[in-house]
Amino acid sequence: MYRIVKGTFDRVFALVVFIILLPVFIIVTLFLFITNSGKPFFIQKRPGKNGKIFKIIKFKTMNDKTDKNGKLLPDEYRLTFIGKNIRKLSLDEIPQLMNVLKGDMSLVGPRPLLPEYLPLYNEFQMQRHNVKPGITGWAQVNGRNAISWEQKFEYDVWYVNNLSFFLDLRILLKTLYKIINKEGISSKNSLTSEKFTSN
């Protein structure tokens, strides 16, 4: 039953939260507009439910610096001081409330990863796409970027198979706790999540 009404719950809750956070949204947008040469948002294609591609929107926390060959520098060299602090507070996720309102995402679900990862998933890992991706998820409250890819996929699939209202509520409350304590922002070897290469 909850799987049927989850979309409505997501939209209503997302709208309420977005209205509450609107002053923060406006302030961060203006600040990043100034510091990122008029580019406050980062828009990228991501796979959603059943692998359907949609455009995710986040606050832009990295600059566009490249090496002498025109290739983007590694994340740790492009993540700005301001961007790092925005990520620590998880403010970069606020624009994704618009993705929830559009129906591309849920409040809770496996995080949407890169389209280039789709061919690399095995059958077990592909189960993460049986539900809409979320702003937060079971993997996020159990380590976020500080855990291995294998652990992330195990958490994602476990969530898909155990989805319920009380589980979503638990994840939302744990997410709030994680944000306050700034836990799991970085991986062990990188300022951001390490790239998934293969099984």
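Scroll up a little and you will see the structure.
Figured I'd write up the structure that's included with this text. The shown structure was predicted, so the numbers you read here are calculated from the model rather than taken from an experiment. (Residues numbered from 1 in each chain as written. Predicted model: local features only at pLDDT ≥ 70, side-chain atom pairs only at ≥ 80, totals over all residues. Heavy atoms only, no water.)

### Here we look at the overall build of the protein chain
Turning to step 1, where the next piece is worked out: Secondary structure summary: the protein chain contains six helices and four strands in total.
Turning to step 2, where the next piece is worked out: Each helix (α) and strand (β) of the protein chain, taken in turn from the N terminus, gives the series α-β-β-α-α-α-β-β-α-α.
Turning to step 3, where the next piece is worked out: For 199 residues, the compact-globule formula gives about 16 Å, and the C-alpha radius of gyration of the protein chain, at 17 Å, lands near that figure.
Turning to step 4, where the next piece is worked out: Along the first, second and third principal axes, the C-alpha atoms of the protein chain reach 50 × 40 × 30 Å.
Turning to step 5, where the next piece is worked out: Burial statistics for the protein chain: of 199 residues in total, 44% are counted as buried. (Helix = DSSP H or I, 4+ residues; strand = E, 2+ residues; numbered from the N terminus. Rg over C-alpha atoms; globule rule 2.2 N^0.38 Å. Buried < 20%, exposed > 50% of the residue type's maximum accessible area, 1.4 Å probe, protein only.)

### Remarks on helix α3 (residues 81-88)
Residues that lie three or four places apart on an α-helix share one face, since the helix turns once every 3.6 residues.
Turning to step 1, where the next piece is worked out: Burial in α3 covers these residues: G83, I86 and R87. Burial along α3 is one-sided: seen end-on, the buried residues are contained in an arc of 100°.
Turning to step 2, where the next piece is worked out: Summarising the contacts, the buried residues of α3 are in contact with α1 (2-35).
Turning to step 3, where the next piece is worked out: Where α3 ends, the next residue or the one after it, S90, has phi of about 60°, a positive value. (Arc of directions from axis to C-beta. Contact = heavy atoms within 4.5 Å.)

### A look at the packing of aromatic side chains
Turning to step 1, where the next piece is worked out: What the rule picks out here adds up to 16 aromatic pairs.
Turning to step 2, where the next piece is worked out: Judged by centre distance (5.2 Å) and plane angle (80°), the ring pair of F153 and F196 falls under edge-to-face. Taken as a pair, F153 in helix α5 (residues 149-162) and F196 in the segment after α6 (165-181) lie far apart in primary sequence, 43 residues in all.
Turning to step 3, where the next piece is worked out: If you follow K152 out to its NZ or CZ, it ends over the ring of W149, 4.3 Å from the centre. (Phe/Tyr/Trp six-rings, centres within 6.5 Å; stacked < 30°, edge-to-face > 60°. Lys NZ or Arg CZ within 6 Å of the ring centre and 35° of its normal.)

### What about the nonpolar core?
Turning to step 1, where the next piece is worked out: Ranked by internal contacts, the top residues of the largest apolar core, which has 26 residues, are L97, L107, Y159 and I171.
Turning to step 2, where the next piece is worked out: When contributions to this core are tallied by element, the ones reaching two or more residues are α1, β2 (53-59), α4 (96-102), β3 (106-108), α5 and α6.
Turning to step 3, where the next piece is worked out: No other element matches the six residues that α1 contributes to this core.
Turning to step 4, where the next piece is worked out: Beyond its immediate chain neighbours, meaning those up to four positions away, L107 contacts F9, D10, F13, A14, L97, V100, G134, I135 and T136.
Turning to step 5, where the next piece is worked out: The next biggest cluster of nonpolar side chains, apart from the first, holds seven residues, and it includes L114, Y117, Y121 and F196. (Core = buried A, V, L, I, M, F, W, Y, C linked by side-chain atoms within 4.5 Å.)

### Regarding the pattern of salt bridges
Turning to step 1, where the next piece is worked out: One pass over the structure, following the stated rule, counts nine salt bridges.
Turning to step 2, where the next piece is worked out: One salt bridge connects D168 with K6, and the closest N-O pair in it is separated by 2.5 Å. With D168 in helix α6 and K6 in helix α1, the pair connects residues that are 162 residues apart, well separated along the chain. For the residue pair D168 and K6, the accessibility class agrees, reading buried in each case.
Turning to step 3, where the next piece is worked out: D92 serves as the salt-bridge partner of K58, at 3.6 Å between the closest nitrogen and oxygen. (Salt bridge = Lys/Arg side-chain N within 4 Å of Asp/Glu carboxyl O.)

### Focus on the environment of N85
Turning to step 1, where the next piece is worked out: Mapped onto the fold, N85 is located in helix α3.
Turning to step 2, where the next piece is worked out: According to the relative accessible area criterion, N85 is partly exposed, its value standing at 33%.
Turning to step 3, where the next piece is worked out: Remark: the alpha-carbon pair of N85 and R46, spanning 39 residues in sequence, is separated by 24 Å.
Turning to step 4, where the next piece is worked out: Among the polar contacts listed, one links the side chain of N85 to the backbone oxygen of F81, at a separation of 2.8 Å. (Polar contact = N/O pair within 3.5 Å; in protein donor to acceptor, adjacent residues only side chain to side chain.)

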